[in-house]
There are 2 protein chains.
Amino acid sequence: MSRFMDVHDGFVGVTEDQLAEAHAADLAVEGEEGVHFETAWLDPESGKVFCLSTGPSKEAVMRVHEKAGHPTDQVYAVDIVV
Amino acid sequence: MSRFMDVHDGFVGVTEDQLAEAHAADLAVEGEEGVHFETAWLDPESGKVFCLSTGPSKEAVMRVHEKAGHPTDQVYAVDIVV
């Protein structure tokens, strides 16, 4: 298992409820891929979302986000944490 | 106080010790700006670093990173968290 940070663009003006809904969509399908999404941070002004997860691979993280309806190819294995 | 996520590029091949050293440099000067850096995640393959902090402004976060020797202009106010 590795730790991943991924980045989404285009979430300009999104509310906390809408982010919670998007996060719930990830949680609903993540089990199929052995991924767990822990936290999502949103900057509604720039539209950036950062998601922290654990999972078996970058590709598994990408598949969960794709199935949940918000694909991204900006996924980084961040196994070094301080 | 707001919460910020910032992104650095160019940390390819950096070790955990080197990341800890860079993080310590932030901690040594952050007080002057009322900023606190909580966590830094590194992907040594892509060279991306993600830093989570709290502080009074984006500019204050940028000043701390600049004084610590690793400036970035990719700073995002992520006050929405799920």
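Just above, that's the structure.
A few points on the structure. If you're wondering where the values come from, they're calculated on a predicted model, not measured in any experiment. (Residues numbered from 1 in each chain as written. Chains lettered and ligands numbered in written order. Predicted model: local features only at pLDDT ≥ 70, side-chain atom pairs only at ≥ 80, totals over all residues. Heavy atoms only, no water.)

A separate point is the environment of Glu32 of chain B. Residues and elements named next belong to chain B. Note that Glu32 resides in the loop between helix H1 (16-29) and strand E2 (36-43). Looking at Glu32, the relative accessible area reads 56%, which means it is exposed. Sequence separation of Glu32 and Val64 is 32 residues, and the distance between their C-alpha atoms is 8.3 Å. (Helix = DSSP H or I, 4+ residues; strand = E, 2+ residues; numbered from the N terminus. Buried < 20%, exposed > 50% of the residue type's maximum accessible area, 1.4 Å probe, protein only.)

Taken in spatial order, the 5 strands line up as E5(A)-E2(B)-E3(B)-E1(B)-E4(B) in an open sheet, and their pairing is antiparallel. The open sheet has two free edges, formed respectively by strand E5 (80-81) of chain A together with strand E4 (75-77) of chain B, since each of these has just one partner strand. Sheet topology places strand E1 (residues 2-8) of chain B next to strand E3 (residues 48-55) of chain B; 7 bridges connect them, and they run antiparallel. Its bridge partner being in E3 of chain B, Met5 of chain B is matched across the sheet by Leu52 of chain B. The strands touched by H1 of chain B within the sheet are E5 of chain A together with E2 and E3 of chain B, with E2 of chain B carrying the most contacts at an inclination of about 155°. Along the sheet, helix H2 (residues 58-67) of chain B makes contact with E1, E2, E3 and E4 of chain B, crossing E1 of chain B at roughly 45°. (Pairing = 2+ DSSP bridges. Contact = heavy atoms within 4.5 Å. Axes fitted to C-alpha atoms, helices over the stretch in contact; angles between N-to-C directions.)

Residue and element names in this part refer to chain B. Across the 8 residues that make up E3, a large majority, 8, are buried. Neither face of E3 is left uncovered, since the one carrying Lys48, Phe50, Leu52 and Thr54 and the one carrying Val49, Cys51, Ser53 and Gly55 both have all their residues buried. The pairing of E2 with E3 spans 7 bridges and is classified as antiparallel. The residue bridging Leu42 from the neighbouring strand is Val49, located in E3. Between E2 and E3, which pair antiparallel in sequence order, lie 4 residues; one of them, Gly47, sits at a positive phi of approximately 85°.

So far we have only geometry, and geometry alone does not tell us how the molecule works.
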